[in-house]
Amino acid sequence: MAEEAKNLETPVEAVVEETPVVEDEKFAKAGKKSKKHVEEVKAEEERQARKAEAAAEGEKKAGPKPVTRSRLERRGKNYRKAFEKVEKGKTYSLTDAIKLAIETSPVKFDATVEMHFRLGVDPRQADQNIRATVTLPAGTGKDVRVAVFAPLDAAKAAKAAGADIAEDEDFTKRLDKEQLDFDVLISTPQYMPKLGKYARLLGPKGLMPNPKAGTVTTDIEKAVKEAKAGKIEYRVDKQAIIHVGLGKVSFGADKIAENINAFVESLKAQKPASIKGQYVKSVFISTTMGPSIQVENLYN
């Protein structure tokens, strides 16, 4: 009781003096040390903390991420089975590559045999932008529909040579209706200006006649016969690669080899004089939807 009385006798001023006085934080009027900026920084820190907590909660709810399958695993079972027959990293001879390509065709229809040549050219250079034609000895395996736009006399001769469509001025009516029921369009030089207005229709589909492709000519009959016999056009793309179909699986190894050899000879003839280094860097063969097989350099 005596101690309690003593405490009661302690002056109020003494108690006030013992309480620590917190001085107001000093802020600058502007800049990074201003009160407004400090509050904004604190608010941003709190927002980031809440965001991190929410993300952590989301990960807990979502669970582990699914494992991404490789490209091969995402393929069909027929492709994977065919792919197992191709030895990884091996370069095959042309004969062996053709046989293996035919064997590994995974589709039920008559697949196209494709060749892919990666060249050491610069397509941006005019003399290295390779574009040419070649007639395949065994044909393409496709029924090529040939259209001819030429004067009446030439159109009649083209029809006799096997053209599917051979017309004079009436042909433009088909183009006005966007009826592109043909695979190759052949024209005479004098009729080419009349096709100018259809360039946006024909160009993107590769149907615009071109002198380099032999589809702008005065010898219409010869052009029609070559197109029907298996004449194809090839050109290098922006990545300096030529993709070309050289027959069907049903042709058999011998006929496919004939077509490939004819194409390689044509490609050799197109080698630019200005090129430095290796002309053909790599060659691959495959069938439609089939695995790719590396072939020994056919150019050397």
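Everything in this summary refers to the structure shown in the same document. (Residues numbered from 1 in each chain as written. Predicted model: local features only at pLDDT ≥ 70, side-chain atom pairs only at ≥ 80, totals over all residues. Heavy atoms only, no water.)

## Re helix 6 (residues 152-161)
Among all positions in helix 6, only Ala155, Ala158 and Ala161 are buried. Viewed along the axis of helix 6, the buried residues span an arc of 120 degrees, placing them on a single side of the element. Relative to its buried face, helix 6 has exposed residues pointing more than 90 degrees away, namely Asp153, Lys156 and Ala160. Contact partners of the buried residues in helix 6: strand 3 (146-149), strand 4 (165-167) and helix 9 (220-229). Downstream of helix 6 by one or two residues, Gly162 has phi in the positive range, about 120 degrees. (Buried < 20%, exposed > 50% of the residue type's maximum accessible area, 1.4 Å probe, protein only. Helix = DSSP H or I, 4+ residues; strand = E, 2+ residues; numbered from the N terminus. Arc of directions from axis to C-beta. Contact = heavy atoms within 4.5 Å.)

## With respect to the sheet that holds strand 4
Ordered by their spatial adjacency, three strands build an open sheet running 4-3-5, and the pairing between neighbours is parallel. For this open sheet the edge positions go to strand 4 and strand 5 (184-187), each flanked by a neighbour on one side alone. Ignoring which end each strand starts from, the neighbouring axes of this sheet average 15 degrees apart. Looking at chain direction, strand 3 and strand 4 are connected through three bridges and run parallel. Bridge assignment links Val148 to a residue of strand 4, and that residue is Ala166. Its contacts with the sheet place helix 6 against strand 3 and strand 4, and it is angled at close to 165 degrees to strand 4. (Pairing = 2+ DSSP bridges. Axes fitted to C-alpha atoms, helices over the stretch in contact; angles between N-to-C directions.)

## Side note on the side chain of Thr140
Structurally, the position occupied by Thr140 is in the loop between strand 2 (131-135) and strand 3. Residue class for Thr140 comes out buried when judged on its relative accessible area of 13%. One polar contact links the side chain of Thr140 to the main-chain amide nitrogen of Lys142, over a distance of 3.3 Å. Look past the residues within four positions of Thr140 in its chain and what remains in contact with it is Gly230, Ile232, Gly247, Lys248 and Phe251. (Polar contact = N/O pair within 3.5 Å; in protein donor to acceptor, adjacent residues only side chain to side chain.)

## Structural notes on a positive patch on the surface
Side chains of Arg69, Arg71, Arg74, Arg75, Lys77, Arg80 and Lys81 sit close together on the surface and give a patch of like positive charge. If you trace the backbone, Arg74 turns up in the loop between helix 3 (35-62) and helix 4 (77-83). (Patch = residues over 30% accessible without salt bridge, like charges linked within 9 Å, V, L, I, M, F, W, Y side chains within 5 Å. Areas by Shrake-Rupley, 256 points an atom, 1.4 Å probe, with all protein chains shown as cover. Salt bridge = Lys/Arg side-chain N within 4 Å of Asp/Glu carboxyl O. Lys, Arg positive; Asp, Glu negative; His and termini not counted. Charge placed at Lys NZ, Arg CZ, Asp CG, Glu CD.)

## Thoughts on unusual backbone geometry
Notably, Glu178 is not glycine yet its phi reads approximately 60 degrees, a positive angle. With respect to the secondary-structure elements, Glu178 resides in the loop between helix 7 (171-176) and strand 5.

## Section: the pairing of strand 3
Residue alternation in strand 3 divides its side chains into two sets, Val146 and Val148 and Ala147 and Phe149, and both sets are buried. Sheet topology note: the strand 3/strand 5 ladder contains four bridges and is parallel. Each residue of the ladder has a partner; that of Phe149, found in strand 5, is Ser187. Following the backbone out of strand 3, through helix 6 and into the adjacent parallel strand 4, one traces a crossover that is right-handed. (Right-handed = clockwise from strand over helix to strand, strands pointing away.)

## Focus on the pattern of salt bridges
As enumerated under the stated definition, the model contains 13 salt bridges in all. For Lys85, the salt bridge goes to Glu103, with nearest N and O atoms at 3.6 Å. Of this pair, Lys85 sits in the loop between helix 4 and helix 5 (94-103) while Glu103 sits in helix 5, and the two are 18 residues apart along the sequence. Among the residues examined, Glu103 registers a relative accessible area of 48% and is labelled partly exposed.

## Structural notes on the packing of helix 5 against helix 10 (residues 253-269)
Taken N-terminus to C-terminus, the directions of helix 5 and helix 10 make an angle of 125 degrees; their axes are 10 Å apart at the nearest point. Judged by the inter-axis angle, helix 5 sits oblique to helix 10. The two elements helix 5 and helix 10 cross, and the hand of that crossing is right-handed. Residues Leu94, Ile98 and Ile102 of helix 5 pack against Ala253, Ile256, Ala257, Ile260 and Asn261 of helix 10. Taken together, the residues that form the contact of helix 5 with helix 10 break down as seven nonpolar, one polar and no charged. (Parallel < 35°, antiparallel > 145°, perpendicular 65-115°, else oblique. Left-handed = near helix turned anticlockwise from the far one by under 90°. Nonpolar A, V, L, I, M, F, W, Y, C, P; charged D, E, K, R; others polar.)

## A few points about the sheet that holds strand 9 (residues 293-295)
What the four strands build is an open sheet, ordered 7-1-8-9; its pairing is antiparallel. A strand with exactly one partner marks an edge of an open sheet, and here the two such strands are strand 7 (241-248) and strand 9. Here the strands of the sheet are splayed against their neighbours by 25 degrees on average, with no regard to which way each runs. The sheet strands contacting helix 5 are strand 8 (280-287) and strand 9, and the helix crosses strand 9 at an angle near 160 degrees. Against the sheet, helix 10 touches strand 1 (112-119), strand 7 and strand 8, its axis set at about 150 degrees to strand 7.

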